[in-house]
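Residue-level structural notes
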Amino acid sequence: MTQVERYIVRGEDDRRGEWAFIYLDEERGVFSAVSSYGNYAHIWSHRGDQTLKEFLKDLDFDYFMGKTRGLDYRRFDYEATVKGIKAFICDQRRQGAVDKEHARSAWRELEDMEQGNSADLFGQALYNSEHLYDLYGGDIGGALEVRPDGDSLGFWGAIWPEFLKQLPA
């Protein structure tokens, strides 16, 4: 039978009531956390000659979230997407890749799009936009901006450092 270690973690600012129960199975490489910021889990069965604890200390935010939450930790960012598209239109115009009329038409199409929090709906609107679709050469996927969700940022900012403090040096 394998031994599973349990860590009870409170956020540094305990008044906010943030918490986590984190379970490690060193032998099998299992990490599991149930927290006020959601659930996180992954099995790292191949981590070289490092222990699971050593391995976890070296992880960065995107790698950790990608493994424990999949792509679910990212959310479509409408404002950043629109800002990025406008910057792209201006850049293409400055470089002479599009003429003034095409750039204006693309800008108008962007401003006429409905706001929303759905990457799928916004992506479809981009795909259906004649001038924007043309401006991106049909590859509109790169135009959509995403950002980490609040739970993932909260877990990483409040829980993760406190958990790492509990691990042996």
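The present account deals with the structure reproduced in this document. (Residues numbered from 1 in each chain as written. Predicted model: local features only at pLDDT ≥ 70, side-chain atom pairs only at ≥ 80, totals over all residues. Heavy atoms only, no water.)

**Focus: the side chain of Gln 92**
To keep it simple, the criterion reads: Put simply, DSSP H or I for four residues or longer makes a helix, DSSP E for two residues or longer makes a strand, and each gets a number counted from the N terminus. Burial classes: relative accessible area under 20% of the type maximum marks a residue as buried, over 50% as exposed, and values in between as partly exposed (1.4 Å probe, protein chains only). Contacts between residues were defined by any pair of non-hydrogen atoms, one from each residue, lying within 4.5 Å.
For Gln 92, the location among the structural elements is in helix α3 (residues 78–94). The exposure class assigned to Gln 92 is buried, which follows from its relative accessible area of 14%. Look past the residues within four positions of Gln 92 in its chain and what remains in contact with it is Ala 97, Val 98 and Leu 135.

**A look at α3**
Short version of the rule: What a helix should span is 1.5 Å times the count of its residues minus one. To be clear, the arc concerns the directions from the helix axis to the C-beta atoms.
With 17 residues, α3 ought to run about 24 Å at 1.5 Å a step, and its terminal C-alpha atoms sit 24 Å apart, in line with that. Turning to α3, its buried residues are Tyr 78, Thr 81, Val 82, Ile 85, Ile 89 and Gln 92. The arc that holds every buried residue of α3, seen down its axis, measures 95 degrees, which confines them to one face. Across from the buried face of α3, at angles greater than 90 degrees, the exposed residues are Glu 79, Lys 83 and Arg 94. The inward-facing, buried residues of α3 abut β5 (74–76), α4 (100–112), α5 (119–128) and α6 (130–135).

**Observations concerning the pairing of strand β3 (residues 30–35)**
Looking down a regular strand, the side chains alternate between one sheet face and the other. Put simply, the rule is: In this analysis, strands are considered paired if DSSP registers two or more bridges between them.
Side-chain alternation along β3 places Phe 31, Ala 33 and Ser 35 on a buried face and Val 30, Ser 32 and Val 34 on a face that remains uncovered. Counting the residues that bridge the hairpin from strand β2 (residues 19–25) to β3 gives four residues, and of these Gly 29 lies at a positive phi of roughly 80 degrees. In the sheet, β3 pairs with strand β4 (residues 38–43) via six bridges, with the strands oriented antiparallel. For Val 30, the partnering residue across the bridge sits in β4 and is Ile 43. The turn joining β3 and β4, which pair antiparallel and follow one another in sequence, is formed by two residues.

**As for α4**
Here is the rule we go by: Two N or O atoms count as a polar contact when they lie within 3.5 Å, although within protein this holds only if one can serve as hydrogen donor and the other as acceptor, and sequence-adjacent residues are included solely when both atoms are side-chain atoms.
If you check α4, its first and last C-alpha atoms are 18 Å apart, about what 13 residues at 1.5 Å a residue would give, namely 18 Å. All buried positions along α4 are accounted for by His 102, Ala 103, Ser 105, Ala 106 and Leu 110. Looking down the long axis of α4, one finds its buried residues gathered within 165 degrees of arc, a one-sided arrangement. N-cap assignment for α4: the residue whose side-chain oxygen lies 3.2 Å from the backbone N of Glu 101 is Asp 99.

**Considering the nonpolar core**
Let me state the cut-off plainly: Here, the term nonpolar core denotes a set of buried Ala, Val, Leu, Ile, Met, Phe, Trp, Tyr and Cys residues that are joined through side-chain atoms within 4.5 Å.
Formed by 24 residues in total, the largest nonpolar core has its most connected members in Ile 22, Leu 24, Phe 31, Leu 56, Phe 64, Phe 155 and Phe 163. Put simply, the parts of the chain that give this core at least two residues each are β1 (5–10), β2, β3, α1 (52–57), α2 (61–69) and α7 (150–166). With five residues, the single largest contributor to this core is α7. One finds Leu 132, Leu 135, Tyr 136 and Ala 143 within the second-largest nonpolar core, a separate group that totals 17 residues.

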